[in-house]
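Understanding the architecture of this molecule
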Amino acid sequence: MFGRVVSRGSDAPGAAARPAGFRPDIEGLRAVAVLAVLGFHASVPGLAGGFVGVDVFLVVSGYLITGLLLREATTTGRIRLGEFFSRRARRLLPSAAIVLGAVALFGAWLTVPLRRADLEYDVLAAAFSVGNWRFVAQQTDYLAAGRDESPLLHFWSLAVEEQFYLVWGPLLALTAYLVLRVARRGRADGRGRAVRPVAAVLAAVLTLGSFLLALRWTHDSVSLAYLGTPSRVWQFGVGALLALLPWHLLNGPRVLRALVGWGGAAAVVWCVPAYDSSTPYPGWAALVPTLGTAAVILAGTPGREGAVASGFGVDRVLGMRVPRAIGRLSYNLYLWHWPVLVLVGAKAGPLDWPVKVALTAAAALPAAAVMRWVERPLRTSRTVSELPRRGLSLGLASVVIPVVLALVVGTGTLRLLGPAAPVDLQGLPPGSPDGTSLLVRTAATGKSPSVVPDAVQARKDFPPDGECEVAPTATTSPDCRFGPAGSPDRVVLLGDSHAGQWFSALLAIAAERRWELEELVKQGCPLPELTVVNPQLGRTYRECDTWRANALTRLKEGPRPRLIVVSSLNRYTDDRELLLQGWEKTLSPLRELGVPIVYLRDTPIPGTDVPACVSGNTDDPGACAFPRDKALWADPLAEEAAAGRVPGVRTVSVNDVICPGDGRSCPAVLERILLYRDDAHLTNVAAVVLTPRLERLLTESGALPPRGVPAGEAPVTAPPVVVDGWTQLLRDDFDGPAGSRPSAAAWQYDLGTCYPGCPAPQWGTGEIETMTDSTENVRLDGRGALEIVPTRDAAGRWSSGRIESRRADLAPPPGGVLRIEAAIALPDVTGPAAAGYWPAFWTLGGELRNGYTGWPAIGELDILEQVNGRDAVFGTMHCGVLDGGPCQEPRGLGSGDQPCGAECRTGFHRYAVEVDLKPGAEQVRWYLDGREHHRVTAAQMDRATWDRAVGRGLFLILNVAVGGNLPTAFGGTVTPATEPGHPMRVDYVSVTARP
């Protein structure tokens, strides 16, 4: 939560010894800041704006540290950076190291393994003073939603401070060096007069630039604005300007100075009850506590004669004993209180504010102990302070020790959790389409003791839709269409991330019907027209309104879909009438499209980090069940649709499966399937398992046609059935001795890297292999199959095989049908080892043999292609002209991915294409194991293009390419990990025709 990150005070040089220049009022000002922070973190009613303590601390820090460096520059003529960083190291780092070490150790005891792993990474980031950037990355990543707060979240402010002074200290030292070298003044006062104005101008420029950046980031990303160092520099800069400008020379009545001080204090105190988590911060609102703090410091600044405000000034109150005592403890109290609250909460569950207050008070004990026996002795030790390198060594040790502890604990945790390998979706148990069980009964009673996905996998188990679930700042969706390109039918998935979680299920359902799937999904954006605040942007979510309007316009102006499935989080408002009005504004333009609309009811919301809970309850995942009444909210749209009061909208729900029965709780793990990836979204595994159920519900609702069963289904490895009237034009069963060549009467080799004359180098597709006629690359296996094997020599050069049918006149008879078929087992390789593999069975127009030119007009039918060992195959038709045209070149008219799992690599499957020129048909059809999965018709192009592409003779090609444009397009560039030697095996090839 962005509102729960605050800062702490800075180095107060020599506070214990009270040297000249000591400001007791500033020590008391730290007390005001830390008490505001503690009250805010303890959730004390009325202190929701206590996070403004961060502004107080940063201004104070900028004032004190800049003043310290300026005094050194003016009195000695230089700034000793070694001494500066040594003081800061021995003052700040040992106390921080103790807290980090305690968190690393106690976190291992009080937190579950998955949170423990995150925590140890937090320790590392905090130790290296980069914790703010780790939390920026987490908080701005929408997919990291649902994780509990880190006990080291408050260390972000220490990181900001250290990062600032790593730059400001050297920059001020360089400025002093250059100015004094130019001025060459002998007197100390002269040095001061020379350095001050230049340093003030530099500080003013940095302050203004940082403030403008803070305003911009507050608008674009509240976490980056709140936690990022560049957007906080201006508050250090305000303090620095207080130290650099000659305020002590200003004349004015003491009463006026006192009023300025009290006004500044009132401004800071006013912010505490007036601000809350909805306040855009740290934009314009941060000016109030920042300038208020500056006013308090300015009012207490001694004048020309050393006098301060009158006895009734705020500095007098802040300088009293109690505020100063709290101020001295503020740093350590700040360090300790938040880990105590978070770790106790992790063990005991949510805490009420009185308990938090008590725990915060208890945190003062270790804070006082560390200050008494660690911080103060090290800060005043002559042994440590005598040489800068000793302080720096102490600081280095303070970094190394918690890092070592975090690595030791973290390594053990990672070993306990196991590797985060992706889930093998092919190995999932089948989901039940009906009944009360999630899985089919045989799967539900399996013996596997582990959940799928495991807790580590669940955190990363997102839908494989790439960048299609657009971020909060986006106002339009990319063209996200999946499945058979150019299909006349498509289903649209529309909504927020709770719609996006169904991507895999709807993609599979659409693929079975050879439909496209179009995804229009935006993170955190309610589909009903509602005005909401986006927590990542920290303001009204205007981008959501624009995106919603653009999505509806796209659907209205584009081709009409076959089905629209809408879904959305059901918790953007609890105002029933407002929600229904918002839905009506969205559904009304959708109804005008005249297509079925299905509302997929929102799934139960656990409200807690489910994978983390499961990681700590592997033996009893039932302990992670969550209350039904809080998980299942009333759904006004579903209720109204069921009552027939929402025309054109049907509603379906899987909630009776994933939250079965009528008990008090919903399961986090059901039949060994881990249902949630965070506190609100289903895992992709759960969506895949629920696919049969969702398909049945959509079919029964009448929104989806039943899945058809293609005629002529035959066993996978059986040869095609020849019926009366068919004529066999070519058949090869590849019988012959092992290691021999395929029939020279039927086949010829393509050699090298292009056709004769090289009209298209690298075969026109960017392949990297050289084609040979060696039996290392093309051979019979002696068991009735052809093998085409890609190989790689010691120098890293790839070779493979490519054979063509000698006949180039294979064509359907006039008005008849040509069928080309082969039984093929794809190379048994997948993952990184398959990167760049490109097996294919395809045809080219016979005209190509007359000079090897004329593509794509001569026609190409890709019966089978697969790339990179993916669990999918596809077919494509190429025709027409090189760029665009009726076949949308160079992409072609493709089928899109057709599911084909590991069995397509380990066994033979039938791939076929039929060119049908019968009057009234005139189409090309693609089949996988007898199931038609793609079709191109003559109506999709002009007559001349169609006749040239399919009405003349053609020849067959079998090959395994390596590399090239298509594998690269699917992310499969050849690497040293690509394994040679995996063959494509062909059981038979058959070409038949009938009138």
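Residues numbered from 1 in each chain as written. Predicted model: local features only at pLDDT ≥ 70, side-chain atom pairs only at ≥ 80, totals over all residues. Heavy atoms only, no water.

A short note on the overall build of the protein
Using the following cut-off: Runs of E in the DSSP output that reach at least two residues are strands. Runs of H or I that reach at least four are helices, and both are numbered from the N terminus. Each residue is assigned to one of three classes by its accessible area relative to the maximum for its type, calculated with a 1.4 Å probe on protein chains only: buried under 20%, partly exposed between the two thresholds, exposed over 50%. Should any heavy atoms of two residues lie within 4.5 Å, those residues are considered in contact. Areas reported as accessible are Shrake-Rupley estimates using a 1.4 Å probe. Residue values count occlusion only from the protein chains shown.
When you go through the protein residue by residue, the secondary structure sums to 32 helices and 32 strands. Principal-axis analysis of the C-alpha atoms gives the protein an extent of 115 × 70 × 50 Å. Counting across all 995 residues of the protein, residues that qualify as buried make up 55%. Contacts in the protein between residues at least 24 apart in sequence constitute 77% of all its contacts with a sequence separation of at least 6. When the accessible surface of the protein is totalled, it reaches about 40,400 Å², and 59% of it is carbon and sulfur.

Topic: the pattern of salt bridges
One side chain can pair with another of opposite charge once the charged atoms of both are near each other. Filter applied, for reference: Within this document, salt bridges are pairs made up of a side-chain nitrogen of Lys or Arg and a carboxyl oxygen of Asp or Glu, the two lying within 4 Å of each other.
Under the definition given, this model contains 46 salt bridges. Residue Asp609 pairs with Arg459 through a salt bridge whose shortest N-O separation is 2.5 Å. You can see Asp609 sitting in the loop between β8 (597-600) and α24 (610-615) and its partner Arg459 sitting in helix α19 (residues 455-459), a full 150 residues away along the chain. Of the two residues examined, Asp609 and Arg459, each falls in the buried class. Residue Arg797 is joined to Asp793 by a salt bridge in which the shortest nitrogen-to-oxygen separation is 3.0 Å. You can call Arg797 exposed: its relative accessible area is 56%. By relative accessible area, Asp793 is classed as partly exposed at 31%. Overlapping salt bridges bring together Arg819, Glu821, Arg910, Glu914, Asp916, Lys918 and Arg925 as one network.

Notes on the state of the cysteines
Just so we agree on the cut-off: Disulfide: a pair of cysteine sulfur atoms within 2.5 Å of each other.
Applying the stated criterion to the full structure yields seven disulfides. Two residues, Cys525 and Cys544, share a disulfide whose sulfurs are 2.0 Å apart. Around the S-S axis, the bridge from Cys525 to Cys544 shows a dihedral of about 80 degrees and counts as right-handed. Of this pair, Cys525 sits in the loop between β4 (516-522) and β5 (533-534) while Cys544 is found in helix α22 (residues 542-557), placing the two residues 19 residues apart along the sequence. Summarising the burial analysis for this pair, Cys525 and Cys544 share the class buried. Sulfur-sulfur distance for the disulfide between Cys879 and Cys887 comes to 2.0 Å. For the disulfide bridge between Cys879 and Cys887, the dihedral angle about the S-S bond is near 100 degrees, and by the sign convention the bridge is right-handed. Per residue, the accessibility class of Cys879 equals that of Cys887, and both read buried.

Digging into the environment of Gly237
Mapped onto the fold, Gly237 is located in helix α9 (residues 233-244). Between the C-alpha atom of Gly237 and that of Val59, which follows or precedes it by 178 residues, the distance is 7.5 Å.

A look at a nonpolar patch on the surface
Basically, it comes down to this: Here the term patch refers to residues with relative accessible area over 30% and no salt bridge, with like charges joined within 9 Å and nonpolar side chains (Val, Leu, Ile, Met, Phe, Trp, Tyr) within 5 Å.
A contiguous nonpolar surface patch, about 580 Å² in accessible area, is contributed by Val255, Leu259, Trp262, Phe312, Val317 and Met320. Per-element accounting of the nonpolar patch gives the leading share, three residues, to helix α10 (residues 254-274). Tracing the backbone through its elements, the reader meets Trp262 in helix α10.

Quick notes on the sheet that holds strand β16 (residues 770-771)
Note the cut-off: Whether two strands pair depends on DSSP finding at least two bridges between them.
An order of β16-β20-β19 is seen for the three strands of this open sheet, with the pairing classed as mixed. Of all the strands in the sheet, the pair left with one neighbour each is β16 and β19 (791-792). With two bridges joining them, β19 and strand β20 (residues 798-800) adopt antiparallel strand pairing. The residue bridging Thr791 from the neighbouring strand is Ser799, located in β20.

Points about the side chain of Ser432
Note the following rule: Pairing of N or O atoms within 3.5 Å defines a polar contact, subject to two protein rules: one partner must be a possible hydrogen donor and the other a possible acceptor, and residues neighboring in sequence count only if both atoms are side-chain atoms.
Note that Ser432 resides in the loop between α17 (388-417) and α18 (441-444). A distance of 2.5 Å separates a polar atom in the side chain of Ser432 from the backbone oxygen of Asp434. Excluding residues within four positions of it along the chain, Ser432 makes contact with Ser437, Leu438, Leu439, Val440, Pro692 and Arg693.

Some details on unusual backbone geometry
In this structure, the amide linkage connecting Tyr281 to the following residue, Pro282, adopts the cis form with an omega of 5 degrees. Here the amide bond leading from Glu889 into Pro890 is cis, since omega sits at 5 degrees, within 30 degrees of zero. Even without glycine at this site, Ser43 takes up a positive phi of about 60 degrees. Ser43 sits in the partly exposed class, given a relative accessible area of 28%. The phi dihedral of Arg672 is positive, around 70 degrees, even though this residue is not glycine.

Some points on helix α11 (residues 287-299)
How we decide: Multiplying one less than the number of residues by 1.5 Å gives the expected span of a helix.
Across its 13 residues, α11 extends 18 Å between first and last C-alpha, which sits within 8% of the 18 Å expected from 1.5 Å per residue. Here α11 has its buried residues at Pro289, Thr290, Gly292, Thr293, Ala294, Ala295, Val296, Ile297 and Ala299. Looking at the buried side of α11, the elements it contacts are α1 (24-41), α2 (53-76), α9, α10 and α12 (314-318).

Re the packing of α1 against α2
Two packed helices can be described by the angle between their axes and the distance between those axes. For clarity, the cut-off: For helices, the axis comes from a line fit to the C-alpha atoms of the stretch in contact; other axes are also lines fit to C-alpha atoms, and the angle between any two N-to-C directions lies between 0 and 180 degrees. In these notes the angle categories are as follows: under 35 degrees is roughly parallel, over 145 is roughly antiparallel, 65 to 115 is roughly perpendicular, and the rest is oblique. The handedness criterion is simple: a crossing whose near helix is rotated anticlockwise from the far helix by less than a right angle is left-handed, and one whose near helix is rotated clockwise is right-handed.
At a minimum axis distance of 8 Å, the contact between α1 and α2 shows a crossing angle of 155 degrees. Taken together, the axes of α1 and α2 are roughly antiparallel relative to one another. The handedness of the crossing between α1 and α2 comes out as left-handed. Only Gly53, Val56, Phe57, Val60, Tyr63 and Leu64 of α2 make contact with α1, whose side of the interface consists of Ile26, Leu29, Arg30, Ala33, Val34 and Val37.

A look at the confidence of the model for the protein
Convention followed: pLDDT runs from 0 to 100 and stands for how confident the predictor is about each residue.
Chain-level statistics for the protein give a pLDDT mean of 86 and a share of 91% at 70 or above. Across residues 1-20, where pLDDT falls below 50, the model places 72 contacts with residues more than four positions away in sequence or in other chains. Between residues 709-724, whose pLDDT stays under 50, and residues either more than four places distant or in other chains, the model counts 23 contacts.

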